[in-house]
Amino acid sequence: MRRVSVTGERIGLRDVTRADVEALHTIYGDPEATQHMPFAPRSVAEVCGLVDQAMEAAAAEPRRLYALAVVDADRRHVIGVARLRVDPDLPHSAEIGFGLHPDQWGRGIGTDLVRLLLSFGFKQLGLHRVWGARSPANLPAQLAMLTAGMVEEGRIRHHMHTPHGWRDSIVHAAIQDEWTER
Ligand SMILES: CC(C)(COP(=O)(O)OP(=O)(O)OC[C@H]1O[C@@H](n2cnc3c(N)ncnc32)[C@H](O)[C@@H]1OP(=O)(O)O)[C@@H](O)C(=O)NCCC(=O)NCCS
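No experiment lies behind these values; they were computed from the predicted model shown. Every residue gets a number counted from 1 within its own chain, in the order that chain's sequence is written. Local features in this predicted model are restricted to residues whose pLDDT is 70 or higher, and side-chain atom pairs enter the listing and the counts only when it is 80 or higher, whereas totals over whole chains, interfaces and linings include all residues. Here the side-chain values reflect all heavy atoms present in the structure, with hydrogen atoms and water set aside.

### Looking at the site of the ligand
Phase 1 of the analysis: By convention in these notes, a residue is near a molecule or strand provided one of its non-hydrogen atoms lies within 4 Å of it. Taken together, 22 residues form the shell around the ligand, and within it Phe98, Leu100, Gly108, Thr111 and Asn138 come nearest.
Phase 2 of the analysis: What qualifies as a polar contact is a pair of N or O atoms within 3.5 Å, subject to a donor-acceptor requirement within protein and to the restriction that residues adjacent in sequence count only when both atoms come from side chains. Between the ligand and Leu100, the relevant distance is 2.7 Å, taken from an oxygen atom to a main-chain nitrogen or oxygen of the residue.
Phase 3 of the analysis: Contact distances for the ligand include 2.7 Å between an oxygen atom and a side-chain N or O atom of Asn138.
Phase 4 of the analysis: Accessible surface is estimated by sampling points in the Shrake-Rupley manner with a 1.4 Å probe; for residues, cover comes only from the protein chains shown. Out of a free accessible area of 940 Å², the ligand has 71% covered by protein chains.
Phase 5 of the analysis: Definitions used for this entry: grid spacing 1 Å over protein atoms alone; cavity, a set of points where a 1.4 Å probe fits but cannot get out; pocket, an open set with protein on both sides within 12 Å along at least 5 of 7 lines; lining residue, one with an atom within 4 Å of a point. Placement in a cavity or pocket follows one criterion, namely that more than half of the molecule's atoms lie within 2 Å of its grid points. The pocket occupied by the ligand, as judged from atoms lying within 2 Å of grid points, is the largest pocket.
Phase 6 of the analysis: Under the DSSP-based scheme used, a helix requires at least four consecutive residues in state H or I and a strand at least two consecutive residues in state E, with every element numbered from the N terminus. It is helix α4 (residues 139–147) that provides the largest number of residues to the shell around the ligand, a total of six residues.
Phase 7 of the analysis: A class-by-class count of the residues in the shell around the ligand yields twelve nonpolar, eight polar and two charged. Note on residue classes: Ala, Val, Leu, Ile, Met, Phe, Trp, Tyr, Cys and Pro are nonpolar, Asp, Glu, Lys and Arg are charged, and everything else, Gly too, is polar.

In structure tokens, the structure reads:
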């Protein structure tokens, strides 16, 4: 099994474990942190189920899903979540998703997180394309992805069904041979 441990200057990424459920729930269960996500805030039991799925996916061969905890510099506290899913039919390409606890917002950590995910995808996994889809209203996610080098490619209409109805997505992507580590 390929375990993930990525270290950046201010944050790191590692595989989630059962011990992370409570910390992950402070993000997945938070109405503000999930306002642009296509689901209602999750219960503790739902987060437990997500962690079980993540651990099962981590053991799969080949590994397609990386559901990761974002940890602070001393690697003691979980401050966010990140996902990278390799497309089974297009294994050169993966979709990323990410979120931080609201206490962490506005200090450049979200941008660092996107940079770290791109570096992980291109350098460690050898991907050619990494993309992400955001709500059209999600300005911080837009700016974080643009600053990290993910070009805006266009709109997928009614991409997601949310508790409030259909939602369009704006797609951002980075291509390996255009990407430079920032
Ligand atoms: C998206 C998210 C990770 C950004 O994290 P962050 O640490 O606040 O991001 P940064 O501090 O790196 O800021 C990124 C940019 O957004 C801007 N920004 C941050 N919060 C903002 C706000 N509330 N309003 C307007 N702009 C904002 C910053 O100024 C920065 O712009 P700049 O690059 O021009 O300076 C965070 O808002 C989050 O976790 N949101 C909930 C989950 C989510 O929406 N995930 C994205 C799914 S695609």
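Structure shown, so let's carry the discussion forward.
### Some remarks on a nonpolar patch on the surface
Phase 1 of the analysis: A grouping of Leu139, Leu143 and Leu146 is seen on the molecular surface, where their side chains present a nonpolar patch of about 260 Å² in accessible area.
Phase 2 of the analysis: By the secondary structure assignment, Leu139 is in helix α4. Only residues above 30% relative accessible area that lack a salt bridge enter a patch, with like-charged residues linked at up to 9 Å and the nonpolar side chains Val, Leu, Ile, Met, Phe, Trp and Tyr linked at up to 5 Å. Any carboxyl oxygen of Asp or Glu that lies within 4 Å of a side-chain nitrogen of Lys or Arg is treated as forming a salt bridge with it.

### Observations concerning empty space enclosed by the protein
Phase 1 of the analysis: Grid points are joined across faces, edges and corners, and a volume is the space filled by probe spheres set on the points. In the structure shown here, the tally under the stated rule is one cavity of 30 Å³ or more.
Phase 2 of the analysis: Roughly 130 Å³ of volume is contained in the largest cavity.
Phase 3 of the analysis: Tyr28, Leu50, Ala54, Ala67 and Arg83 are, among the 13 residues lining the largest cavity, the residues nearest its centre.
Phase 4 of the analysis: Listed by contribution, the elements that provide at least two residues to the lining of the largest cavity are α1 (21–28), α2 (44–58), β3 (65–72) and β4 (78–86).
Phase 5 of the analysis: With four residues, α2 is the single largest residue contributor to the lining of the largest cavity.
Phase 6 of the analysis: In the lining of the largest cavity, the residues fall into eleven nonpolar, one polar and one charged.

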